[in-house]
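One letter stands for each residue in the lines below.
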Amino acid sequence: MSAEVMNVLDDFFKARRDVPCRLAFSGGTDSTMLALAAGTSCRLFVLATDRGGRDLAGCRRTAELMGLACDAVVVTLPDIIVLIESHREILSGLQDYTQRILAVCELFLCREAFRTGSKLVAGHGPEAIFGGFRRRAAPSLDELDEISRESNVNAARLRIVARESGCEILLPFFESDVWNSLLDARRKGLDRVGMVRGRLPDYQPLQQKAALQNGSGIHYLFAREARRRKFSYVRDFMEELIR
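Residues numbered from 1 in each chain as written. Predicted model: local features only at pLDDT ≥ 70, side-chain atom pairs only at ≥ 80, totals over all residues. Heavy atoms only, no water.

A. Here's a closer look at the pairing of strand 1 (residues 21-24). With burial as the criterion, each face of strand 1 is covered, one bearing Cys21 and Leu23 and the other bearing Arg22 and Ala24. In this structure, strand 1 lies alongside strand 2 (residues 42-49), joined through 4 bridges in parallel fashion. By the bridge assignment, cysteine 21 is partnered in strand 2 with cysteine 42. For the handedness criterion, the β-α-β arrangement of strand 1, helix 2 (residues 29-38) and strand 2 is classed as right-handed. (Buried < 20%, exposed > 50% of the residue type's maximum accessible area, 1.4 Å probe, protein only. Helix = DSSP H or I, 4+ residues; strand = E, 2+ residues; numbered from the N terminus. Pairing = 2+ DSSP bridges. Right-handed = clockwise from strand over helix to strand, strands pointing away.)

Written as structure tokens, this is what we have:
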């Protein structure tokens, strides 16, 4: 059964083998599942800051384990501020700081994919079924039937980002056959690390993140600047920029 999710992902990428795409790669389990299924059909890249970003070394270790290269797209604090001010309208329409800083990361990812004439592949989705962040516990089995991929807040935000950036975003985990295979795997007590190790036995998951927005380092860089400017809360700094 652990192979079933990976097989469905294989089919997703085989059907798009001639589509130029860039995979937003964090080195975490979800993006590693996508990288294993995509193989060399998708170039991997990671968003990092000029301070490095805590995922960068882990990304490259995991990519090397798969025999793949992973490019780093480096973002600076001035880049972040300019992008926020350039996209005030859509950012102000998102519900909170978390959604806004995620959109900032995704706008950078889309910019890079668009620059190379590629579609962006993103790994959102499994966290709604399996949890995976310290601040987001996995739903109970009784709650699985209530989880809707259509109403998922990450998918909704990514649709907005795609329209704003002009870059198409592919979300393999939200495809109905992939989504249903994930639900089946969860009901059977399987986990994503086991799915990855079915193809990559030496895979070691990265340290669990506290929350989705933390991975690229952009949140930390932005939060540090908020403190330097004497904002009590990082969300207030974001509000100031998008007014």
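Further notes follow.
B. Region of interest: the sheet that holds strand 4 (residues 119-121). Spatial ordering of the open sheet is given by 3-2-1-4-5, a layout of 5 strands whose pairing is parallel. A strand with exactly one partner marks an edge of an open sheet, and here the two such strands are strand 3 (70-75) and strand 5 (169-170). Strand direction decides the pairing type here: strand 2 and strand 3, joined by 6 bridges, are parallel. From the neighbouring strand, alanine 48 faces strand 3, where its bridge partner is valine 74.

C. The packing of aromatic side chains, seen in detail. In this structure the tally under the stated criterion is 5 aromatic pairs. Seen in terms of ring centroids, phenylalanine 12 and phenylalanine 13 are 5.1 Å apart; in terms of plane orientation they differ by 85 degrees. Their pairing is edge-to-face. Among the residues examined, phenylalanine 13 registers a relative accessible area of 5% and is labelled buried. Three or more aromatic residues joined by ring pairs make a cluster, and in this case those are Tyr97, Phe222, Phe231 and Phe237. Between arginine 22 and the ring centre of phenylalanine 45, over which it is positioned, the NZ or CZ distance is 4.6 Å. One Lys or Arg, arginine 235, reaches over the ring of tyrosine 233 and ends 4.3 Å from the middle of that ring. (Phe/Tyr/Trp six-rings, centres within 6.5 Å; stacked < 30°, edge-to-face > 60°. Lys NZ or Arg CZ within 6 Å of the ring centre and 35° of its normal.)

D. Structural view of the side chain of glutamate 127. Relative to the elements of secondary structure, glutamate 127 occurs in helix 7 (residues 126-130). There is a polar contact of 2.9 Å between the side chain of glutamate 127 and the backbone nitrogen of glycine 125. A distance of 3.0 Å separates polar atoms of two side chains, one belonging to glutamate 127 and the other to asparagine 154. (Polar contact = N/O pair within 3.5 Å; in protein donor to acceptor, adjacent residues only side chain to side chain.)

E. A look at the environment of isoleucine 129. With respect to the helices and strands, the residue isoleucine 129 is situated in helix 7. Through-space distance from the C-alpha of isoleucine 129 to that of arginine 187 is 9.8 Å; in sequence the pair is 58 residues apart. Residue contacts for isoleucine 129: discarding those within four places in its chain leaves Ala138, Pro139, Leu144, Ile147, Trp179, Leu182, Leu183 and Arg186. (Contact = heavy atoms within 4.5 Å.)

F. Broad picture of the pattern of salt bridges. Counted by the stated rule, this structure contains 14 salt bridges. The partner of arginine 157 in a salt bridge is glutamate 106, with the nearest N and O atoms 2.7 Å apart. Pair noted here: arginine 157 is in helix 8 (residues 153-165) and glutamate 106 is in helix 6 (residues 97-115), with a separation of 51 residues, a long-range link. A relative accessible area of 5% places glutamate 106 in the buried class. Here the residues in one salt-bridge network are Arg22, Arg43, Asp71, Glu112 and Arg115, joined through shared partners. (Salt bridge = Lys/Arg side-chain N within 4 Å of Asp/Glu carboxyl O.)

G. Seen up close, the state of the cysteines. Tallying each qualifying case throughout the model produces 1 disulfide. Across the disulfide from cysteine 21 sits cysteine 42; the S-S distance is 2.1 Å. Given an S-S torsion of about -95 degrees, the disulfide between cysteine 21 and cysteine 42 has left-handed geometry. Remark: cysteine 42 occurs in strand 2 and cysteine 21 occurs in strand 1; sequence separation between them is 21 residues. Here cysteine 21 matches cysteine 42 in class, with each residue buried. Counting only cysteine sulfurs, cysteine 110 is the nearest neighbor of cysteine 105, a cysteine outside any disulfide, at a range of 11 Å. (Disulfide = S-S within 2.5 Å.)

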